[in-house]
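So the chains spell out like this:
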Amino acid sequence: PWGRCAGDCGPDGIQSRSVWCVHKDGWTTHYSHCKQTSRPDSQQSCFKVCDWHNELFEWEVSDWQMCKLVLFTHGEVKPRTSECTTAQHGLQHRKIHCMQTLNRTVVADEICEYFTPRPPIEQVCLIPCPRDCIVSEFSSWSKCNKGCGKSLQHRTRSVLSPSLYGGSKCPNLTESRLCESKQSCPAGEEIYTYSLKVGPWSECRMPHLKDINLSGRTMLDFSSDSSERGSFRQQSNKPPNHSKPWSIEIGYQTRQVRCSRSDGKNAML
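Counting restarts for each chain: residues are numbered from 1 in the order of the written sequence. Under the rules for a predicted model, residues below a pLDDT of 70 receive no local features and side-chain atom pairs below 80 are neither given nor counted, while totals for whole chains, interfaces and linings still include all residues. Neither water nor hydrogens contribute to the side-chain values; these are computed over all heavy atoms in the structure.

- Identification of the chain as Spondin-like TSP1 domain-containing protein from Pleurodeles waltl is taken from an unreviewed UniProt entry.

Pasting the structure below:
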């Protein structure tokens, strides 16, 4: 192993180590028996830490990451039990760097460890049991249009308790069905009613380069029916790798919004 850094304070220190030539059976032999071109270095430069460096370096610690279930010995994630009665044990991790206070650059951990021990990078945490979404019963069907032609009936229900900790998501909160009228409308005199159908928000994700200026806009969604559009909203999203725990980046979520006509067909928004 490398010895202690010796010399003047700062980046001009020198570390040394011993290098031997060893036979494949384990005994030491003359160095000329080994290839000199592949001989490891016996000296290297290092940063000699002195007491007055205490104010120049410090540990930078990120926020704790999300609590995750403990892995089995063969690397598989412990599954969530279907009949969870109490919180399950997990682990949280965080990033720790030794930083130079003047320009906030990362340096070797050994410099900070000279003054204070390295803070722990993981801790035990508890993961609450999953809680499924609970919704109310559907309301009564709305009345059918007394006019001619086809119309729609609607009924709704509300969220009593949202899903938490990985529980099942809420089901659809609205339902529609066609009402058949015995009286047909003359051609061109049909009377329609319109209603908006809104889908759930997708997961927050980072935008592609071509999507950077799309936040807050409404644009055509060519992946589905041409009469449907996707709406965007901004939401804060922490980047996966960043040296400063308080830095955030803006992601976006999408959902489908469409206009439904009383005869069941889609209409332009």
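## A closer look at the pattern of salt bridges
Here's step 1: Any carboxyl oxygen of Asp or Glu that lies within 4 Å of a side-chain nitrogen of Lys or Arg is treated as forming a salt bridge with it. Overall, the coordinates contain 4 salt bridges when judged by the stated rule.
Here's step 2: A salt bridge links Glu-58 to Arg-104; the shortest N-O distance between them is 2.8 Å. Here Glu-58 is found in strand 5 (residues 57–61), whereas its partner Arg-104 is found in the loop between strand 8 (96–100) and strand 9 (106–107), with 46 residues between them in sequence.
Here's step 3: Look at Glu-58 and you get partly exposed, because its relative accessible area is 35%.
Here's step 4: Residue Glu-175 is joined to Arg-155 by a salt bridge in which the shortest nitrogen-to-oxygen separation is 2.7 Å. In this pair, Glu-175 is assigned in strand 14 (residues 174–179) and Arg-155 in strand 12 (residues 151–156), connecting sequence segments 20 residues apart.
Here's step 5: Taken together, the shared-partner salt bridges connect Glu-58, Glu-60 and Arg-104 into one network. Counting from the N terminus, the helices are the DSSP runs of H or I reaching at least four residues and the strands are the DSSP runs of E reaching at least two. Any residue under 20% of the maximum accessible area for its type is buried, any over 50% is exposed, and the rest in between are partly exposed; the area is computed with a 1.4 Å probe on protein chains only.

## Thoughts on the packing of aromatic side chains
Pairs of aromatic rings are described using the distance from one ring centre to the other and the angle between the two planes.
Here's step 1: Paired rings are identified among Phe, Tyr and Trp, the last through its six-membered ring, by centres lying within 6.5 Å, and are further divided according to the angle between planes into stacked (under 30 degrees), edge-to-face (over 60) and tilted (the rest). One pass over the structure, following the stated rule, counts 2 aromatic pairs.
Here's step 2: Summarising the aromatic geometry, the rings of Phe-47 and Phe-57 are spaced 5.5 Å apart at their centres and angled 80 degrees between planes, so their arrangement reads as edge-to-face. Of this pair, Phe-47 sits in strand 4 (residues 43–48) while Phe-57 is found in strand 5, placing the two residues 10 residues apart along the sequence.
Here's step 3: On the basis of an interplanar angle of 85 degrees and a centroid distance of 5.0 Å, the ring pair of Tyr-114 and Phe-115 is categorised as edge-to-face.
Here's step 4: A relative accessible area of 41% places Tyr-114 in the partly exposed class.
Here's step 5: Sitting over a ring, as applied to charges here, requires NZ of Lys or CZ of Arg to be within 6 Å of the ring centre and within 35 degrees of the ring normal. Residue placement shows Arg-155 over the ring face of Phe-138; its charged tip is 4.3 Å from the ring centre.

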